[in-house]
Amino acid sequence: MSRLLAAFAASLTLVAAARAQDAKKAEPELDAKTKAAIQREVEKAKEDIRNEVRAELQGAQSAAGFLGAVAEGPKLEFLELDGYLRMRGQLMVNLDLSGVRDASGHTLFPVPLQNPGEDSLATANMRFRLEPTMNVSEHVRVRAQIDLLDNHVLGSSMPALSQDSSSPYPVPFYGSTRLVATDDPRLATPYVSPKRIWAEVQTPVGLLSFGRMPSAWGLGLLAHAGGGLDDDLGDTVDRLQFALPPVSTPLGRITFVPMLDFDSEGVLHDTGTGQPFDAESGDDAHTWAVKAARIDTPDEIRRKLDRNERSVNYGAYYAYRTQRWFYPGWDTGTPPTGGYEDTANAAVHRSSYVHVADLWFRWLAPRLRVEAELVGAYGSVGNPSGVATAPEAKLLVRQWGGAVVADWQASPNKVSLGGEIGIASGDDAPGFGNDPSRVQVTGGTGSPGDPTPYGSVEGAQWRPGSDRTIRNFRFNPAYRVDEVLFRYVLGGVTDAVYVKPTLRWSILPGLALDAQVVYSRALFAESTPSADASGNGGSANLGLEADATLNYTSGDGFRFWGTYGVLQPLSGLSYQDAKVSRAHFMQFGLAARF
């Protein structure tokens, strides 16, 4: 702060000197060169002050929200309540594209039970999300995320039997009151779901965070918190992390954030003492990670853009994940009959590890944004078997993916044009690999439980005795590329490349239209349903999709949006040359945000 005070004093001295010169009417007026020199010194002093202030702010806000921490300090209120109530209605038409089952006996998307040829599904759901922040002090706060009726399908609860138990009419039809019952067989998610709760402590040497918290990085290809109003997915981790203040390096002021994730503790003991504990350290799966990034806070970005300057941010995220042993019986709920002491032939020597590296870059100008992310994973699974007495050969993990996004504001506050290119690695194994646990069902080309045949849309990306490498990188499921193909039909981006031009039109204050066109192509035609039984003759072309969303925001907490997407499937999604037709998706959403 000494340089800050010195610069401030110099500024005051120069200004006072200039005013004193004006006050001395008897003395001759300063010439133009002297005035220009004084003005340059004043501006230089002001710029020094701004630089010092920016440095101090960056140090105080080292744990920006982008790094999984808080970008602004706590307010005076002990309890802050944020969240929203959301309701959505959706119509899905022909998302199975052809109604024909693939080689494994599955359709591309669920079809109506009574009339599969009708190809139309309609649904509505709701969610109430509460995100409280408890400011224990100026330096300590506890945050949480709690969902009530999370994506609860309207009309899916049991009717209240107590009101209508004496009625001669069928209760499911006649019932007039919804009943919150935990034993409802149609209950997909708990009525109350405490998803995240963690604490943040600002110390003199950095920000300490611990608990179950969101995980995010870069564009979101690897880690995505899923905090959007229309998001359904997102990463939640049990983590201990410490965000250090920025340090000066040849690459600029860098913030380092070391982290420890508790991925899985394996077998637990519960002896009735009120505290279950880890029964074996060898079967724990942990991730040791560190983020190193140069990141401007939102206030710094705003100030730079107001001065017509550029904001350049970048960083790297490295993670090492490992697990030595695995107890399949305890994991599946069928432990050895002898209990904890009966460990003979019960453990699989998993011996697995993976190195993950993620590079991120963002360049912001007043009317232009360019952002990119590149991810790579390298590792192995020493024994992928799920049976302790039947070991298998080592599996290799070799995956990579990336995306580049650009937005250009063609006219101030009106029209923005942009584009995105993304790619996720894959291989020639049958299926894409978004659901590698899918098996054959009755009606497939083989027997249930057989290895995935070519011509399947999903399946394992390795085969015992032959394919020992998993190469398909999967974009985080919360990363939204489109509305139909990757979001619903395929369930994510993997073994594919896509190109997406975009447009945003701010029609009126609070009213905006977002539109995009997405062309998608598989990296390996052998992965598509169009491949024959030998993996030949397939097409890599997946589809051409157009999406549009109209958003209205009132400014006082209310939001409405309507989305329409249409997918023209191409030959890569056709099984045995079956005719494919267009798929349509429509959604209308209402939300009250607080």
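My aim in this report is to walk through the structure given alongside it, one point at a time. These numbers come from a predicted model, not from an experiment.

1. As for the overall build of the protein chain
Reasoning step 1: Tallying secondary structure elements over the protein chain gives 7 helices and 24 strands in all.
Reasoning step 2: When the 594 residues of the protein chain are sorted by exposure, 40% land in the buried category.
Reasoning step 3: Counting contacts in the protein chain only where the partners sit at least 6 residues apart, residues at least 24 apart contribute 65% of the total.
Reasoning step 4: Of the roughly 30,200 Å² of accessible surface on the protein chain, 61% is carried by carbon and sulfur atoms.

2. What to know about a nonpolar patch on the surface
Reasoning step 1: Where nonpolar side chains cluster on the molecular surface, the patch consists of Phe78, Leu79, Leu81, Val136 and Phe594 and spans about 490 Å² of accessible area.
Reasoning step 2: Take valine 136: it is sitting in the loop between strand 2 (120-135) and strand 3 (140-153).

3. Notes on the packing of aromatic side chains
Reasoning step 1: Across all of its chains, the model carries 10 aromatic pairs by this definition.
Reasoning step 2: Between phenylalanine 475 and tyrosine 479 the ring centres are 5.8 Å apart and the planes differ by 75°, which places this aromatic pair in the edge-to-face class.
Reasoning step 3: Using a relative accessible area of 1% as the deciding quantity, one classes phenylalanine 475 as buried.
Reasoning step 4: Overall, tyrosine 479 belongs to the buried group, its relative accessible area being 13%.
Reasoning step 5: Ring pairs connect the aromatic residues Phe473, Phe475, Tyr479, Phe486 and Tyr498, which therefore count as one cluster.
Reasoning step 6: A cation over an aromatic ring shows up here: lysine 291 above the ring of tyrosine 317, its NZ or CZ 5.3 Å from the ring centre.

4. Let's talk about the environment of glycine 99
Reasoning step 1: Considering the arrangement of structural elements, one finds glycine 99 in the loop between strand 1 (79-93) and strand 2.
Reasoning step 2: Sequence-wise, glycine 99 and aspartate 119 are 20 residues apart; in three dimensions their C-alpha atoms are separated by 7.8 Å.

5. Some details on helix 5 (residues 298-306)
Reasoning step 1: Along helix 5, the residues that are buried comprise Glu300, Ile301 and Lys304. Burial along helix 5 is one-sided: seen end-on, the buried residues are contained in an arc of 100°. Facing away from the buried surface of helix 5 by more than 90 degrees, the exposed residues are Pro298 and Asp306.
Reasoning step 2: Downstream of helix 5 by one or two residues, asparagine 308 has phi in the positive range, about 65°.

6. Points about the pairing of strand 10 (residues 252-264)
Reasoning step 1: Here strand 8 (residues 236-243) runs beside strand 10; their pairing, made up of 3 bridges, is antiparallel. Its bridge partner being in strand 10, glutamine 241 is matched across the sheet by methionine 259.
Reasoning step 2: As judged from the 3 bridges shared by strand 9 (residues 247-249) and strand 10, these two strands associate in the antiparallel manner. From the neighbouring strand, serine 248 faces strand 10, where its bridge partner is arginine 253.
Reasoning step 3: Of the strand pairs in this sheet, strand 10 and strand 13 (residues 285-294) are connected by 9 bridges, and their pairing is antiparallel.

7. What to know about the environment of leucine 567
Reasoning step 1: Mapped onto the elements of the fold, leucine 567 is located in strand 23 (residues 558-569).
Reasoning step 2: Put simply, leucine 567 and glycine 543 are 24 residues apart on the chain and 6.6 Å apart in space, counted from C-alpha to C-alpha.
Reasoning step 3: Once residues lying within four places of it in the same chain are set aside, the contact partners of leucine 567 are Leu97, Val484, Leu485, Gly543, Leu544, Glu545, Arg582 and Ala583.

Conventions we followed
- Residues numbered from 1 in each chain as written.
- Predicted model: local features only at pLDDT ≥ 70, side-chain atom pairs only at ≥ 80, totals over all residues.
- Heavy atoms only, no water.
- Helix = DSSP H or I, 4+ residues; strand = E, 2+ residues; numbered from the N terminus.
- Buried < 20%, exposed > 50% of the residue type's maximum accessible area, 1.4 Å probe, protein only.
- Contact = heavy atoms within 4.5 Å.
- Areas by Shrake-Rupley, 256 points an atom, 1.4 Å probe, with all protein chains shown as cover.
- Patch = residues over 30% accessible without salt bridge, like charges linked within 9 Å, V, L, I, M, F, W, Y side chains within 5 Å.
- Salt bridge = Lys/Arg side-chain N within 4 Å of Asp/Glu carboxyl O.
- Phe/Tyr/Trp six-rings, centres within 6.5 Å; stacked < 30°, edge-to-face > 60°.
- Lys NZ or Arg CZ within 6 Å of the ring centre and 35° of its normal.
- Arc of directions from axis to C-beta.
- Pairing = 2+ DSSP bridges.

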